Amino acid sequence: MQLTGLTLSTLPADIHTPTYDRRRHAPGVVHLGLGAFHRAHQAMVFDQLLANGDTRWGIHGVGMTRPDLINQLRAQDGLYAVRVADGQGVQWQVPGALWRMSVATTERDDVVQALAAPATRWVTLTVTEKGYTPALAQLLLDGLRQRQRAGLPGITIASCDNLQGNGHKLQALVQAAATASDTELLRWVDTHCAFPCSMVDRIVPATTPEVLAAASQALGVRDDAALSTEGFWEWVIEDRFADPADAALLQSAGVRVTPDVHSYEEAKLRMLNGSHSAMALIGAVTGRPFIASCIGVPHIRRFVHQLMSHEVAPHLARSDWADYRDALIARFGNPYLKHSVHQIATDSSQKIPQRWPPSVLGQIARGASFEHHALAAAVLVRYTLGEDEHGQPYTLNDPQADSLMALGAAQRHTPDACVRAVLASEDLWGATLPQHAAWIARVTHWHQQVLAHGVDAAIQQLHPPKP
Ligand code: CS2
């Protein structure tokens, strides 16, 4: 038997399940980029609002490209179990907020109709860094155009991707995609729709066979879409909504609504995501499969601690950074989260620009050391060889994979020139760092150490053991 609307009532009593009616109302939220993250984060916030009796938070979830997850979820009536596990305990929950599903590539019209549906009040997005394309903007514009023509109310369109100023970026993308005949539409969007910035945080690894097996054990039925996550979650969103009453509602479900998301965004991108990318590359090259296996190694843990304390924190507006850092290190060590380093290393070329250069530039501006970031950048170069230090090959999953691997291959013969070539990319490093001689020199230095002695030995050189 499989988890479905029919088998829901057979689940053990200790599993939290939806008690609200999932069929009578139209969804009020369209989520673009339905994946693991949304299902274990925002969908659980909306589940809470639905459980509180507000029927407007059901989700129409849209997978942007691949139909496999959508098919699995359809077969389960949008239901899936989430294991929430950390040092505080282990608990299973089945959120019920996912009511409809579509695939954007093959069912585009359905998505446009969902955006234009009278019941729709919100659009949330986790389409990943590389998803911010003119095609995404066109999809939104097509839905918004129908709303405007039908005289429907405006909506809140909340980008939730790991990009600084994500709401502004999305709004600018939509404006840029509009044509001359869209002038009226854009005026309507400006007046009636809102693009709040938001920071979302919860570690939700792609699911594994072990999690699926644990799910069927706990549920007594099969669940092909089960997930595992941590207890911690955070959603900080800018107080800018098409319907201002939503602020209080979201707050009632534990969301932080604030006039200024910036300080939360920058702390999260540079502390959490910046450390994640560094550990992901270190793990990929040294053959450590999970984030927990990296942070469990004393010199890697010290590396991450120092990176955050000395190179990231001095530039953050968030004053409670030391507590934030310590909490992050504990979260990285969560043994239940088998968070694959290769998953996080995916799309590194799109992620690193938000995660590392702002801290390096900050250090340069105050004349301080950027050694940890330089070493991380050297490991990125080493990573492009596509083979770990034990000779195990791996695939680079990245829109820039071909060019990175072509550049990276040169490090076998002309390593310094290869480092210079990778560091010359303005897409990756921005406009300033490719010109910065000391940055290039230090990355070159660490790259030499990595090639000659391995990543672990290079990290240990950063912190010579005390005599
Ligand atoms: C990770 C994030 O895959 C990645 O790039 O750094 O998905 C991270 O787990 C989340 O942002 C945590 O909120």
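Residues numbered from 1 in each chain as written. Predicted model: local features only at pLDDT ≥ 70, side-chain atom pairs only at ≥ 80, totals over all residues. Heavy atoms only, no water.

**Student:** I'd love a proper account of helix H12 (residues 298–312), names of residues and values included.
**Tutor:** An ideal rise of 1.5 Å per residue puts 21 Å on 15 residues; H12 measures up with 20 Å between its terminal C-alpha atoms. Among the residues of H12, those classed as buried are His-299, Ile-300, Phe-303, Val-304, Gln-306, Leu-307, Met-308, Ser-309, Glu-311 and Val-312. Of the surrounding elements, those touching the buried residues of H12 are helix H10 (262–286), helix H11 (291–295), helix H13 (321–332), helix H16 (357–365), helix H17 (371–383) and helix H22 (455–462). (Helix = DSSP H or I, 4+ residues; strand = E, 2+ residues; numbered from the N terminus. Expected span 1.5 Å × (residues − 1). Buried < 20%, exposed > 50% of the residue type's maximum accessible area, 1.4 Å probe, protein only. Contact = heavy atoms within 4.5 Å.)

**Student:** Account for the packing of aromatic side chains, naming residues and giving values.
**Tutor:** What the rule picks out here adds up to nine aromatic pairs. Look at Trp-356 and Trp-429: their rings are 6.4 Å apart centre to centre, the planes differ by 25°, and that puts the pair in the stacked class. Pair noted here: Trp-356 is in the loop between helix H15 (348–355) and H16 and Trp-429 is in helix H20 (residues 426–429), with a separation of 73 residues, a long-range link. By the burial criterion, Trp-356 is buried, and Trp-429 matches it. Put simply, the rings of Phe-46, Trp-57, Trp-122, Trp-235 and Phe-241 touch in pairs and so form one group of aromatic residues. (Phe/Tyr/Trp six-rings, centres within 6.5 Å; stacked < 30°, edge-to-face > 60°.)

**Student:** Please provide a residue-by-residue account of unusual backbone geometry, values included.
**Tutor:** A positive phi angle, near 55°, is found at Asp-77, a position not held by glycine. For Asp-77, the position within the fold is in the loop between helix H3 (67–75) and strand E3 (82–86). Given a relative accessible area of 38%, Asp-77 falls into the partly exposed group. A positive phi angle is found at Thr-128, which is not glycine, with a value near 70°.

**Student:** Summarise the layout of surface pockets; cite the residues concerned and give the values.
**Tutor:** Volume-wise, the second largest pocket comes out at about 320 Å³. Surrounding the second largest pocket, 16 residues form its lining, Gly-5, Asp-21, Arg-22, Arg-23 and Asp-77 being those nearest its centre. A breakdown of the residues in the lining of the second largest pocket according to their chemical character gives eight nonpolar, three polar and five charged. (1 Å grid on protein atoms, 1.4 Å probe; cavity = no way out; pocket = protein on both sides within 12 Å on 5 of 7 lines; lining within 4 Å. Points joined across faces, edges and corners; volume = space filled by probe spheres on them. Nonpolar A, V, L, I, M, F, W, Y, C, P; charged D, E, K, R; others polar.)

**Student:** Hey, could you go over the site of the ligand for me, with residue numbers and the actual values?
**Tutor:** Around the ligand lies a shell formed by Asn-162, Val-200, Asp-201, Arg-202, Lys-268, Asn-273, His-276, His-339, Ile-344, Lys-351 and Arg-355. Side-chain polar atom of Lys-351 to an oxygen atom of the ligand: 2.9 Å apart, as the coordinates give it. Arg-355 is positioned such that a nitrogen or oxygen atom in its side chain is 2.9 Å from an oxygen atom of the ligand. Coverage of the ligand by the protein chains reaches 88% of its 340 Å² of free accessible surface. A per-element tally of the shell around the ligand places H10 first, with three residues. Composition of the shell around the ligand by domain shows at least three residues from each of domain 1 (8–258) and domain 2 (262–462). (Near = heavy atom within 4 Å. Polar contact = N/O pair within 3.5 Å; in protein donor to acceptor, adjacent residues only side chain to side chain. Areas by Shrake-Rupley, 256 points an atom, 1.4 Å probe, with all protein chains shown as cover. Domains from an automatic or database assignment.)

**Student:** Report on the pattern of salt bridges, specifying residues and quantitative values.
**Tutor:** In this structure the tally under the stated criterion is 22 salt bridges. The residue Glu-210 makes a salt bridge to Arg-83 at a minimum N-O spacing of 3.5 Å. Taken as a pair, Glu-210 in helix H8 (residues 209–219) and Arg-83 in strand E3 lie far apart in primary sequence, 127 residues in all. Overall, the relative accessible area of 38% leaves Glu-210 in the partly exposed class. Take Arg-83: its relative accessible area is 6%, and that puts it in the buried class. Residue Asp-201 is joined to Arg-331 by a salt bridge in which the shortest nitrogen-to-oxygen separation is 2.9 Å. In this pair, Asp-201 sits in strand E8 (residues 198–201) while Arg-331 sits in helix H13, placing the two residues 130 residues apart along the sequence. Given a relative accessible area of 2%, Asp-201 falls into the buried group. Here the salt bridges share partners, and the residues they tie into one network are Arg-108, Asp-142, Arg-145 and Asp-182. (Salt bridge = Lys/Arg side-chain N within 4 Å of Asp/Glu carboxyl O.)

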